[in-house]
Amino acid sequence: MLYYFAPLEGITSRLYHEIHRDFFPMLDRYVTPFFVPSIKGLSTKDRSQLSHALLSGLPLIPQLLTNRSEDFIQSANQLQDLGCSEVNLNLGCPSGTVFSKGRGAGALRDLDALRAFLDAIFADCPLPISIKTRIGVSDPKEWEALLPLYNEYPIHELTIHPRIRNEHYRGSPHTDAFAMALQESRAPVVYSGDLFTPDQVATFAEHYPQAKGIMLGRGLIANPALHATVTQGELLTTSTLLAFHDRLFLRYRELLFGERPVLHKMKELWHYMICMFPEHEPQAKRIRKAQNLSDYHGAVSSIFRDLILDPYRGYQPPA
Ligand SMILES: Cc1cc2nc3c(=O)[nH]c(=O)nc-3n(C[C@H](O)[C@H](O)[C@H](O)COP(=O)(O)O)c2cc1C
């Protein structure tokens, strides 16, 4: 079974990936959060970011979010020049602005338009194309038409987050749709969705040995040792989490301008990491309410001093 680091826009930056790799065993693949290309392909900034990330030696798969085949092909040519060996297409992003433009999960609304787009990119793309998809827009039954459409193309890998767009991240993943893909997909299949504890990941791997891979997202941000625990029995410890946190904080402090963006980044990470501590509500509230770095440090000290980390827990989505 291969393990993939899920793309999490705003969280899994190059910095985050690299610091994670310094503290924990490397995963098999790291899919970048989406880049939105233009007719000129990727921006100079995006290309420079990617080339630095590639130099760091991470097995990186860049992801594109577009429904314009020219933009996709232009970017794929640039990615090939940078040394990438694969490009990933985002057909899952549920956000309103992306959806309304017919990108991400918005591209699943009109299968004729999607077919025309896939025809064009598969005809001219210089790199193997993998796809990360939801199973439909408003009804899980849409998968019965979408999967056969995917089967018309030589997709390198199909990563499935088995929710429909309208569910965003609510409810439970439709594992029956994933099981159907394991039976019927021509492309190798990777699973993404709601595997948060070591136990959940191990049970899933046992249950679906035919899957090519498991992609870990929010669970890996909550417990950065999740993959290490499942594959090597290495449990998350308080001292490792503290050192990991401190390095992230320091590097974001160097990289970002001013307190606010650093606070924002760290608060977002704590939304996930705090779940590793039972009885965390007072500290979680202190983090959320922190107005400056002094408040923030007070709250973090209290987490590491007053709470006991449980390495078998995992991310708990808000009710
Ligand atoms: C904050 C956030 C940002 C995300 N950004 C991306 C993205 O850029 N590209 C993508 O394909 N999926 C993105 N996703 C979806 C995740 O990659 C993943 O498929 C989803 O969270 C389900 O997996 P999980 O339950 O393991 O987190 C994002 C999800 C979240 C919560």
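Residues numbered from 1 in each chain as written. Predicted model: local features only at pLDDT ≥ 70, side-chain atom pairs only at ≥ 80, totals over all residues. Heavy atoms only, no water.

Participant: Can you help me understand the site of the ligand in this one?
Facilitator: Close to the ligand lie 17 residues; Pro7, Gln63, Ser192, Asp194 and Arg218 are nearest. Between a nitrogen atom of the ligand and a main-chain N or O atom of Glu9, the distance comes to 2.9 Å. For the ligand, the accessible surface in isolation is 620 Å², of which the surrounding protein chains cover 89%. Classifying every residue of the shell around the ligand gives seven nonpolar, six polar and four charged. (Near = heavy atom within 4 Å. Polar contact = N/O pair within 3.5 Å; in protein donor to acceptor, adjacent residues only side chain to side chain. Areas by Shrake-Rupley, 256 points an atom, 1.4 Å probe, with all protein chains shown as cover. Nonpolar A, V, L, I, M, F, W, Y, C, P; charged D, E, K, R; others polar.)

Participant: How do you make sense of the packing of helix α3 (residues 69-82) against helix α5 (residues 111-124) when you look at a structure like this?
Facilitator: How two helices pack is summed up by the angle between their axes together with the distance between the axes. Interaxial distance between α3 and α5 falls to 9 Å at its minimum, and their mutual angle equals 25 degrees. Comparing their axes, α5 and α3 come out roughly parallel. Our pair here, α3 against α5, has a crossing hand that is right-handed. Seen from α3, the contacting residues are Ser69, Phe72 and Ile73; seen from α5, they are Phe117, Ala120, Ile121 and Asp124. By residue class, the composition of the contact of α3 with α5 is five nonpolar, one polar and one charged. (Axes fitted to C-alpha atoms, helices over the stretch in contact; angles between N-to-C directions. Helix = DSSP H or I, 4+ residues; strand = E, 2+ residues; numbered from the N terminus. Parallel < 35°, antiparallel > 145°, perpendicular 65-115°, else oblique. Left-handed = near helix turned anticlockwise from the far one by under 90°. Contact = heavy atoms within 4.5 Å.)

Participant: How should I be thinking about the pairing of strand β8 (residues 213-216) in this particular structure?
Facilitator: A regular strand places its side chains so that they alternate between the two faces of the sheet. Burial of the side chains of β8 extends over both faces: Gly213 and Met215 are buried on one face and Ile214 and Leu216 on the other. Looking at chain direction, strand β1 (residues 2-5) and β8 are connected through four bridges and run parallel. By the bridge assignment, Tyr3 is partnered in β8 with Ile214. Bridge count for strand β7 (residues 189-192) against β8 is three bridges, and the pairing is parallel. Its bridge partner lying in β8, Tyr191 is registered against Ile214. Between β7 and its parallel partner β8, the chain crosses via helix α8 (residues 198-207), and the hand of that crossover is right-handed. (Buried < 20%, exposed > 50% of the residue type's maximum accessible area, 1.4 Å probe, protein only. Pairing = 2+ DSSP bridges. Right-handed = clockwise from strand over helix to strand, strands pointing away.)

Participant: Just to check I follow, could you spell out the packing of aromatic side chains for this structure?
Facilitator: One pass over the full model with this rule turns up 20 aromatic pairs. When the centroid spacing of 6.2 Å and the interplanar angle of 85 degrees are considered together, the rings of Phe72 and Phe117 count as edge-to-face. Taken as a pair, Phe72 in helix α3 and Phe117 in helix α5 lie far apart in primary sequence, 45 residues in all. Residue Phe117 is classed as buried on the basis of its relative accessible area of 7%. Taken together, the aromatic side chains of Phe5, Tyr16, Phe23, Phe24, Tyr30 and Phe244 make up a single cluster linked through ring pairs. (Phe/Tyr/Trp six-rings, centres within 6.5 Å; stacked < 30°, edge-to-face > 60°.)

Participant: Looking at this model, I keep getting lost on the environment of Pro162. Mind explaining?
Facilitator: By the element assignment, Pro162 lies in the loop between β6 (158-160) and α7 (175-184). For Pro162, a relative accessible area of 0% puts it in the buried group. Sequence spacing of Pro162 and Val87 is 75 residues, and the spatial spacing of their C-alpha atoms is 21 Å. When near neighbours in sequence (up to four residues on either side) are disregarded, Pro162 contacts Ile135, Pro173, His174, Phe178, Tyr191 and Ser192.

Participant: How do you make sense of the domain arrangement of the protein chain when you look at a structure like this?
Facilitator: Domain boundaries assigned for the protein chain yield domain 1 (32-194) and domain 2 (238-306). The gap between the C-alpha centroids of domain 1 and domain 2 is 32 Å. (Domains from an automatic or database assignment.)

Participant: Is there a simple way to think about the sheet that holds strand β3 (residues 60-64) in this case?
Facilitator: Think of a sheet as strands paired side by side through backbone hydrogen bonds, with each pair either parallel or antiparallel. The strand order around the closed barrel formed by eight strands is β1-β2-β3-β4-β5-β6-β7-β8, and the pairing between neighbours is parallel. Each adjacent strand pair in this sheet contributes to an overall mean axis angle of 25 degrees, direction not counted. Across the sheet, α3 lies against β3, β4 (87-91) and β5 (129-133), angled at about 150 degrees from β4, the strand it touches most.

Participant: What exactly am I supposed to notice about the packing of helix α1 (residues 14-23) against helix α11 (residues 238-255) here?
Facilitator: Interaxial distance between α1 and α11 falls to 10 Å at its minimum, and their mutual angle equals 150 degrees. The angle between the axes of α1 and α11 places the two elements in the roughly antiparallel class. The two elements α1 and α11 meet at a crossing, and its hand is right-handed. From α1, Leu15, Tyr16, Ile19, His20, Asp22 and Phe23 reach across to α11, where they touch Thr240, Ala243, Phe244, Arg247, Leu248, Arg251, Tyr252 and Leu255. Across the contact of α1 with α11, the residue classes tally to nine nonpolar, two polar and three charged.

Participant: Explanation requested: the nonpolar core in the structure shown.
Facilitator: General note: in soluble globular proteins, nonpolar side chains tend to be found buried as a group. By size, the foremost hydrophobic cluster in this structure holds 101 residues, and its most contacted members are Leu118, Trp143, Tyr150 and Trp270. Discounting chain neighbours no more than four positions away, the residues touching Tyr150 are Leu91, Leu108, Leu118, Ile131, Thr133, Trp143, Ile155 and Leu158. Residues Ala6, Val31, Val190 and Met215 belong to the second largest nonpolar core, which totals six residues. (Core = buried A, V, L, I, M, F, W, Y, C linked by side-chain atoms within 4.5 Å.)

Participant: Could you clarify how one ought to interpret empty space enclosed by the protein in this entry?
Facilitator: In this structure the tally under the stated criterion is two cavities of 30 Å³ or more. By volume, the largest cavity is sized at about 40 Å³. Tyr4, Val31, Ile61, Glu86, Asn88, Ser130, Lys132, Glu157, Thr159 and Met215 are the residues that line the largest cavity. Here the residues of the lining of the largest cavity are counted per class, giving four nonpolar, three polar and three charged. Size it by volume and the second largest cavity reaches roughly 30 Å³. Tyr150, Asn151, Tyr153, Ile155, Leu158, Ser185, Arg186 and Ala187 are the residues that line the second largest cavity. (1 Å grid on protein atoms, 1.4 Å probe; cavity = no way out; pocket = protein on both sides within 12 Å on 5 of 7 lines; lining within 4 Å. Points joined across faces, edges and corners; volume = space filled by probe spheres on them.)

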